[in-house]
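The residues making up each chain are set out below.
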Amino acid sequence: MTENTGARYGGAPASRGRTTVADVVVEKIAGMAARDVPGVHALGSGFARSMGTMRERMPGAGSGKSATRGVSVEVGEKQAAIDLEIVVDYGVSITDVAGDVRENVVSAVERMAGREVVEVNIMVSDVKLPDEEDEGEERQRIQ
């Protein structure tokens with residue numbers, strides 16, 4: 001949560017009142033920023049992605065991919081800590097991709113949510129091989 005307090009009268013209009021940012025907002029920003037990095041195939045473990053694919057096919061369960069899959073955050077009034085679980089494409093440098101993800105996530109969260117990002121922890125849970133099908137592609141063929 002961010003608080004902007006000003007004098008009752010005479011303070012700048014932008015400083016009058018309080019702005020609160022929900023945890024899910026930071027999760028979505030971090031998830032989108034991580035997905036934008038070349039070499040990141042997906043977020044979340046294989047099991048989480050499978051469950052998400054099944055959930056997406058259920059009527060009324062929401063539309064599209066879950067922007068927060070594979071992302072967890074702790075958000076305070078001024079700071080945020082972010083944990084990501086990613087799947088990388090085969091052949092990329094995992095350390096380079098992780099560094100790029102950190103840079104992109106920190107930049108996006110600090111710019112959009114106004115929180116200092118104190119850490120971005122990344123767990124690489126899988127590598128997407130060129131000959132592997134995505135869970136969603138396989139399920140579509142079975143229908």
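Residues numbered from 1 in each chain as written. Predicted model: local features only at pLDDT ≥ 70, side-chain atom pairs only at ≥ 80, totals over all residues. Heavy atoms only, no water.

Attention now moves to helix α1 (residues 23-35). For α1, spanning 13 residues, the distance from its first C-alpha to its last is 18 Å, which sits close to the expected 18 Å at 1.5 Å a residue. Buried within α1 we find V26, E27, I29, A30, G31, A33 and A34. Turning to α1, the residues buried within the fold contact β3 (40-43), β4 (71-75), β5 (79-89) and α3 (94-113). (Helix = DSSP H or I, 4+ residues; strand = E, 2+ residues; numbered from the N terminus. Expected span 1.5 Å × (residues − 1). Buried < 20%, exposed > 50% of the residue type's maximum accessible area, 1.4 Å probe, protein only. Contact = heavy atoms within 4.5 Å.)

In this structure, V26, I82, L84, I86, V101, V105 and V109 are the most contacted members of the largest nonpolar core, which totals 27 residues. When residues of this core are traced back to their parent elements, those giving at least two are α1, β3, β4, β5, α3 and β6 (116-128). With seven residues, the top contributor of residues to this core is α3. When near neighbours in sequence (up to four residues on either side) are disregarded, L84 contacts A34, L43, G70, V71, V101, V105, V120, N121, I122 and M123. (Core = buried A, V, L, I, M, F, W, Y, C linked by side-chain atoms within 4.5 Å.)

Looking at the chain as a whole, the pLDDT averages 82, with 72% of positions reaching at least 70. Taken element by element, the chain is modelled with least confidence in helix α4 (residues 135-142), mean pLDDT 49, and with most confidence in α3, mean pLDDT 98. Residue range residues 137-142 is modelled with pLDDT below 50. Its contacts to residues more than four positions away, or to other chains, number seven contacts. (pLDDT = per-residue confidence, 0-100.)

Turning our eyes to something else, we now look at the packing of α1 against α3. In contact at an axis separation of 8 Å, α1 and α3 are set at 140° when each is read in the N-to-C sense. Considering how the two elements wind past one another, α1 and α3 form a crossing that is right-handed. Residue-level inspection shows V26, I29, A30, A33 and A34 of α1 in contact with α3, the latter providing V101, N104, V105, A108, V109, M112 and A113. Tallied by class, the residues present in the contact of α1 with α3 amount to eleven nonpolar, one polar and no charged. (Axes fitted to C-alpha atoms, helices over the stretch in contact; angles between N-to-C directions. Left-handed = near helix turned anticlockwise from the far one by under 90°. Nonpolar A, V, L, I, M, F, W, Y, C, P; charged D, E, K, R; others polar.)

Now for the pairing of β6. Two strands pair when backbone bridges link them, and β5 and β6 are joined in this way by eleven bridges, in the parallel orientation. Paired with A81 across the bridge in β6 is E119. A crossover links β5 with its parallel partner β6, the connecting element being α3, and its sense is right-handed. (Pairing = 2+ DSSP bridges. Right-handed = clockwise from strand over helix to strand, strands pointing away.)

With that out of the way, let us pick up α3. The α-helix winds at 3.6 residues per turn, so residues separated by three or four positions along the chain end up facing the same way. Taking 1.5 Å per residue, 20 residues should reach 28 Å; α3 reaches 27 Å between its end C-alpha atoms and fits that length. Residues V97, A98, V101, V105, A108, V109 and A113 constitute the buried set of α3. End-on, the buried residues of α3 take up no more than an arc of 110°, which puts them together on one face. Exposed residues on α3 whose side chains face more than 90 degrees from its buried face are T95, E103 and R111. In this structure, the buried side of α3 is in contact with α1, β3, β5 and β6. One or two residues past the end of α3 sits G114, with phi positive at roughly 65°. (Arc of directions from axis to C-beta.)

Relative to the helices and strands, E27 is located in helix α1. Sequence-distant contacts of E27, that is, excluding residues within four places in its chain, are made with A67, T68, V71, S72 and V73.

Turning to the environment of A81, a few remarks are in order. Within the secondary structure, A81 is located in strand β5. Contact partners of A81, with chain neighbours within four places excluded, come to S72, V73, E74, V118 and E119.

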